[in-house]
Amino acid sequence: MSIELTRSFLLWCTVINYGILLVWFLLFTLAHDWMRRFHGRWFRLSDEQFDSLHYLGMSIYKIGILLFNLVPFVVLWIVG
């Protein structure tokens, strides 16, 4: 696998993952009550717990994107 192919792969992974994060954020902000009711069928969470779990999940997902996609892409861009 060439550096150029790997760089392209990591760039597309970053774009797709940030797209997923954006959809998650938009659903969370625009359809908050619907999501709360939908997840409330399975889990008994207060509004504060629900919000903090989603915030934590988005934070961990964003850190994962940075560590596993964006940083290797930047390194390959600098090296290549």
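Up top is the structure these notes are about.
Quick caveat: nothing in here was measured; it's all calculated off a predicted structure.

Colleague: What is the right way to read the nonpolar core from this model?
Modeller: Nonpolar side chains in soluble globular proteins tend to end up buried together. Residues Leu21, Phe28, Met35, Phe50, Met58 and Ile65 constitute the largest nonpolar core, which totals six residues. Elements with a contribution of two residues or more to this core: α1 (3-30) and α3 (47-79). Among all residues touching phenylalanine 50, those that are not within four sequence positions of it are Phe28, His32, Met35, Arg36, His39 and Leu45.

Colleague: Would you take a moment to explain the environment of leucine 10 for this structure?
Modeller: Along the chain, leucine 10 falls in helix α1. We classify leucine 10 as buried; its relative accessible area is 9%. A sequence separation of 29 residues divides leucine 10 from histidine 39, and the C-alpha atoms of the two residues are 33 Å apart. Filtering out sequence-adjacent residues up to four positions away, leucine 10 remains in contact with Phe68, Asn69, Pro72, Phe73 and Leu76.

Parameters at a glance
Residues numbered from 1 in each chain as written. Predicted model: local features only at pLDDT ≥ 70, side-chain atom pairs only at ≥ 80, totals over all residues. Heavy atoms only, no water. Core = buried A, V, L, I, M, F, W, Y, C linked by side-chain atoms within 4.5 Å. Buried < 20%, exposed > 50% of the residue type's maximum accessible area, 1.4 Å probe, protein only. Helix = DSSP H or I, 4+ residues; strand = E, 2+ residues; numbered from the N terminus. Contact = heavy atoms within 4.5 Å.

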